[in-house]
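Geometric and topological summary
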Amino acid sequence: MLKNYFITALRNLKRNKAYTILNVLGLALGVGCALVLFKVVTYELSYDSFQSNGNRIARLVNHTFYTGNENQGTQVPTPVGKALRNDFPDIQALSMTYMTPASFQINVTDNLGTVQRYEESNGMAFAESDIFKIVDIDLLAGNEEGILDEPKTIVLSRELVSKYFDVTEGFGEVLGKTININNVHDLKITGVFEDLPKNTSFPFKSLIHFYSLEGVNPYFQPESWQTMNGGVHCYFLLSQNGSASDLERMMPDFIDKYNKQDKDDYYYTFKVQQLDEFHYNTDYQVYGGQPIAFNTISILGLIAAFLVVIACVNFINLATAQAVNRSKEIGIRKVLGSVKHQLVAQFLGETMIISILASLISLGIAELIFMNLRDILGYELHLDLLSNPSTLLFLIGLTLSVGFLSGSYPAFLLSKMNPILALRTKLTGRQVSGGLGFRRSLVIFQFIIAQLFMIGTIVVTSQMDYLLNKDLGFDYQAVVNSYLPDSDEQDFAVFKSEILKIPQVAEVSFALGAPTANINNTGYLTYLPSGAENRYNVNIKDIDETYLELFDIPLVAGRDFMDDENEQNIIVNEKLVNTIGIDNVQDALGEVVDYYREGTIIGVVKDFHYYSLHWDIYPLILRYRPSNFREVSVKLKTDANYRETLNDLNDAWQKVYPEDLSKFALLDDQKHLLYEAEKKTSDLLNIFSIAAILISCLGLYGLISFLANQKTKEIGIRKVLGASVLNVLKIFSKELIYLLIIASVIAIPAAYMLMDSWLETFSYSIEIGPGLLLMATGLILLIALFTMGFRSVKSAMANPIDALKDE
């Protein structure tokens with residue numbers, strides 16, 4: 001019996017090749033996308049799940065309060081670690097750590113005395129030895145006890161040992177060797193550890209004695225309770241009976257003990273964040289990249305469900321469209337004694353074969369998508385069915401579920417057909433397939449989802465285009481910049497002279513950072529005429545006398561800095577002038593403000609964006625302080641050859657900094673990094689929008705096929721009476737436009753609310769106007785019309801005699 005079902009199913013599928021191919025492709029797309037999203041979701045949910053002490057690992061995070069505003073961050077004052085060890089016995093182990101995306105130079109001397117220089121921009125961490133008691137780090141060589149207790153020691157990962165010494169086993173041989181960091185410290189290797197998994201909040205590739213930061217980071221202040229250095233975190237392991245909430249309640253008294261603060265002005269407090277929140281709380285940063293909110297993970301899961309559901313809906317539409325052609329077969333089977341459950345088994349069997357074929361093809365689709373996701377996600381995923389049972393179980397479960405859900409409605413519907421009517425060929429579309437209204441509802445549902453994807457894609461793409469092309473108030477085109485190894489003014493002078501010898505260079509500037517570099521200092525400004533009690537949060541950039549000219553930042557009042565400018569003189573932006581209550585920028589000249597020291601305003605610049613467009617423009621002070629310069633920016637002439645000029649810049653660099661690697665890069669490339677998360681969102685939406693639209697078009701093909709089958713005789717009569725192909729096409733296009741209007745009425749308001757909520761995360765964003773929404777609807781309509789035309793032209797071109805000669 002089963003063999004007969006199987007053979008019959010294969011014959012039917014082979015006989016109806018177009019129907020089989022469309023169903024297989026639709027289901028394969030849905031299942032393939034669902035597999036990809038399943039892997040992404042399970043990967044994101046697996047962060048730090050392998051930590052044996054995961055429920056006891058925590059860190060301090062700060063909440064700062066200033067004039068009624070609250071901000072939060074992960075950085076803490078450096079001496080907080082020692083104080084916590086002294087005051088809280090519930091803390092079993094504690095480690096101060098430091099890691100930033102900034103790159104370090106590692107110098108390794110080989111056996112021949114040749115120095116090999118490496119630039120490391122990820123995973124170079126400074127920590128105390130207790131980090132090995134907090135985080136599961138598998139040592140391959142060295143003794144965990146006191147492994148980082150000695151100053152200027154380092155523990156390397158397997159990856160870096162292989163890179164620096166070409167050692168892949170017997171790691172003990174590298175112990176005791178030294179490497180140099182930033183031409184500042186010689187670090188003794190005291191251990192080697194196994195590479196950490198990618199899905200960790202502790203992506204360490206090396207661990208360096210924490211207080212070796214002195215000399216490497218010029219802003220490191222180990223004893224200051226007032227300074228919070230970005231990248232300095234405090235991790236700890238609670239005792240078995242320790243409570244994070246109890247510890248957090250004691251934080252205000254703890255801070256008052258070591259750093260008495262005026263609660264009416266600026267002050268901060270600490271909260272305790274446990275490990276299971278690190279990767280999922282977007283209010284705080286993590287070492288392992290951007291956190292991802294649980295809501296985002298839920299949305300990814302919802303997208304997967306939608307894609308599978310519309311694939312199943314597509315199958316139902318195609319199956320019911322095919323039902324009229326199989327009415328006689330069902331009538332004969334019933335007359336010959338087939339009962340309902342046998343017919344149900346027959347049709348479900350066919351569906352399961354299609355589902356299995358689709359699942360096999362979906363594996364290739366999933367791997368193809370993974371190849372394109374590598375750069376988008378920042379990590380690499382594969383199906384790994386044999387080594388990953390959860391993925392295999394998900395695929396099996398999804399295959400069976402899709403087969404059952406897709407096949408149940410057609411199977412039970414077809415099995416209820418009246419055999420007498422079927423054999424007399426008197427069946428109507430409603431009797432065969434349960435009514436046109438049901439299929440219309442399915443197609444409307446598909447196009448609601450497709451339109452949501454389309455509108456989301458257009459909005460995100462438009463916002464990305466806006467972010468990358470909006471006038472920021474300065475010119476960053478043809479500008480390259482690099483970090484500097486030191487702040488020696490004599491080196492600056494020589495380096496500038498060497499750079500200006502290059503014919504293709506227009507201008508050179510030294511500063512703390514380029515306009516969009518997120519390395520500004522912050523302070524609190526008082527302007528006495530507005531009242532001593534009024535203090536304002538202000539950002540501070542250190543620049544030289546050519547900075548404004550190089551970046552084409554216009555002065556609206558006053559003058560620019562001169563060479564060897566008095567540090568007391570400052571330039572401010574329009575926002576600061578307005579904030580302190582001066583209406584006319586000219587009136588600000590000569591005014592004195594206090595920002596830890598007195599500053600006299602000598603110039604006012606037009607507001608420019610020095611953070612990403614997620615944020616408003618804040619009050620800004622520009623000051624002349626060469627001791628704080630950390631970057632060089634070079635403006636190239638318009639006809640400059642980038643590669644050739646870059647080689648010349650590197651040659652100039654080697655003359656002044658022969659022991660340091662140059663890091664010149666286009667400022668435009670760095671600007672793109674500000675919107676990396678949005679770029680990922682845009683790329684993901686593009687991929688899954690295409691999938692949703694393709695599946696929806698297959699569903700529309702099913703509806704048009706159903707209508708064509710239902711209206712075969714009507715079309716034949718119309719053609720005999722003189723109707724043209726275009727007249728016949730109008731029959732189907734009216735149906736399509738009607739359904740699309742209904743879908744748009746539901747989809748447009750829903751998409752508007754979702755995308756408007758997303759745009760609110762930016763201080764500067766596009767407007768979702770009628771034109772944008774009509775564009776999305778128009779694109780869907782064009783795609784749908786093409787799909788409709790492909791199937792309906794076939795019916796319109798058919799010989800009317802064939803339609804009329806047989807009922």
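Let me sum up the structure you'll find in this document. All values reported here derive from a predicted model rather than from experimental measurement. (Residues numbered from 1 in each chain as written. Predicted model: local features only at pLDDT ≥ 70, side-chain atom pairs only at ≥ 80, totals over all residues. Heavy atoms only, no water.)

Looking at the overall build of the protein
What counts, and what does not: Strands are runs of DSSP state E lasting at least two residues, helices are runs of H or I lasting at least four, and both sets are numbered from the N terminus onward. Summary of the burial criterion: residues with accessible area below 20% of their type's maximum are buried, those above 50% are exposed, and those between are partly exposed, where the area comes from a 1.4 Å probe applied to protein chains only. Between two residues, a contact is recorded if the distance between any of their heavy atoms is within 4.5 Å. For accessible areas, the Shrake-Rupley method is used with a probe of radius 1.4 Å. Any residue's cover is judged against the shown protein chains and nothing else.
Along its length, the protein carries 26 helices and 24 strands. When each of the 807 residues of the protein is scored for burial, the buried share is 53%. Within the protein, contacts between residues at least 6 apart in sequence are counted, and of these 79% link residues at least 24 apart. A total of about 36400 Å² of accessible surface is found on the protein, and carbon and sulfur atoms cover 55% of it.

Focus on the packing of aromatic side chains
Note the following rule: Here is the rule: rings of Phe, Tyr and Trp (six-membered ring for Trp) pair when centre to centre is within 6.5 Å. Planes less than 30 degrees apart are stacked, more than 60 are edge-to-face, and the remainder are tilted.
Tallied over the entire structure, the rule returns 38 aromatic pairs. With 5.5 Å between their ring centres and 55 degrees between their planes, F88 and F254 make a pair best called tilted. Residue F88 is located in the loop between α3 (80-87) and β3 (91-98), and its partner F254 is located in helix α7 (residues 251-258); the two are separated by 166 residues in the primary sequence. The exposure classification of F88 matches that of F254, with both residues buried. Pairing F202 with F204 gives two aromatic rings, centres 6.0 Å apart and planes at 55 degrees, and the pair type is tilted. Here F202 matches F204 in class, with each residue buried.

So, the pattern of salt bridges
Rules: We count a salt bridge whenever a side-chain nitrogen from Lys or Arg sits within 4 Å of a carboxyl oxygen from Asp or Glu.
This model, assessed by the stated rule, comprises 17 salt bridges. The shortest N-O distance in the salt bridge between K501 and E498 comes to 3.3 Å. Here K501 falls in the exposed class, since its relative accessible area comes to 56%. In this structure E498 comes out as buried when scored by relative accessible area, which is 16%. One salt bridge connects E565 with R559, and the closest N-O pair in it is separated by 2.9 Å. Taken together, the shared-partner salt bridges in this structure form one network comprising E498, K501 and K655.

A short note on the pairing of strand β10 (residues 185-193)
Stated precisely, the cut-off is as follows: Strand pairing is assigned whenever DSSP identifies at least 2 bridges connecting the two strands.
β10 sits mainly inside the fold: 7 of its 9 residues count as buried. Relative to β10, strand β7 (residues 139-141) runs antiparallel, the two being bridged by 2 bridges. Counted as the bridge partner of A141 is V192 from β10. Sheet analysis places strand β8 (residues 153-157) next to β10, joined by 5 bridges and oriented parallel. Across the sheet, L156 pairs through a bridge with V192, a residue of β10. Pairing analysis gives 4 bridges linking strand β9 (residues 178-181) to β10, with the strands arranged antiparallel. Across the sheet, the residue bridging to N180 is D186, located in β10. The turn linking β9 back onto β10 is made up of 3 residues, and N182 within it adopts a positive phi angle of 55 degrees.

Considerations on a negative patch on the surface
Condition: Exposure above 30% relative accessible area and no salt bridge define the residues that can form patches, which grow by joining like charges within 9 Å and nonpolar side chains of Val, Leu, Ile, Met, Phe, Trp and Tyr within 5 Å. Residues counted as positive are Lys and Arg, residues counted as negative are Asp and Glu, and His and the chain ends are not counted. For charged residues, the charge sits on one atom: NZ in Lys, CZ in Arg, CG in Asp, CD in Glu.
On the surface, a cluster of negative charge is contributed by E144, E145, D149 and E150. Looking at the secondary structure, you find E150 in the loop between β7 and β8.

What about the environment of K635?
Its place among the elements puts K635 in strand β23 (residues 631-636). Distance from K635 to N481, taken between C-alpha atoms, is 8.8 Å for residues 154 residues apart in sequence. Dropping the residues within four chain positions of it, K635 is found in contact with D475, Q477, A478, V479, V505, A506, E507 and L550.

Quick notes on the nonpolar core
Put simply, the test is: In this description, a nonpolar core means a group of buried Ala, Val, Leu, Ile, Met, Phe, Trp, Tyr and Cys residues linked to one another through side-chain atoms lying within 4.5 Å.
Ranked by size, the top nonpolar core spans 79 residues in total, and within it V36, L307, L373, F453, V459 and F688 carry the most contacts. Residue assignment for this core shows that the elements contributing at least two residues are α2 (17-45), α9 (294-323), α11 (340-377), α12 (389-415), α15 (436-469), α22 (676-710), α24 (725-759) and α25 (770-797). When residues in this core are grouped by element, the largest group, 13 residues, is from α2. Setting aside chain neighbours within four positions, we find V36 in contact with A366, I369, F370, L373 and F688. V108, I208, V216 and Y268 belong to the second-largest nonpolar core, a separate cluster that totals 51 residues.

Looking at α7
Applicable threshold: The arc refers to the directions leading from the helix axis to the C-beta atoms.
Three or more residues of α7 are buried, namely M251, F254 and I255. The buried residues of α7 occupy an angular sector of 95 degrees when projected down its axis, which confines them to one face. In α7, those exposed residues whose orientation departs by more than 90 degrees from the buried face are D253 and K257.

Here we look at the packing of α3 against α7
Threshold: Whenever a helix is involved, its axis is fitted only over the stretch in contact; in every case the axis is a line through C-alpha atoms, and angles between N-to-C directions fall within 0 to 180 degrees. Crossing handedness is defined as follows: a turn of the near helix away from the far one that is anticlockwise and smaller than a right angle gives a left-handed crossing, while the clockwise case is right-handed. Under this grouping Gly is polar, as are all residues other than the nonpolar Ala, Val, Leu, Ile, Met, Phe, Trp, Tyr, Cys and Pro and the charged Asp, Glu, Lys and Arg.
Here α3 crosses α7 at 115 degrees, and the two axes come no closer than 11 Å. Here α3 runs over α7; the crossing is right-handed. Of α7, the residues touching α3 (which contributes V80, A83, L84, N86 and D87) are M251, F254, K257 and Y258. Tallied by class, the residues present in the contact of α3 with α7 amount to 6 nonpolar, 1 polar and 2 charged.

Regarding the sheet that holds strand β15 (residues 505-511)
Pairing within the open sheet is antiparallel, and its 4 strands lie in the order β15-β23-β14-β24. The open sheet terminates on both sides in strands that have one partner only, identified here as β15 and β24 (665-666). Along the sheet, helix α16 (residues 489-500) makes contact with β15 and β23, crossing β15 at roughly 160 degrees. Against the sheet, helix α20 (residues 642-656) makes contact with β14 (479-483), β15, β23 and β24, and its axis sits at roughly 30 degrees relative to β14, the strand it touches most.

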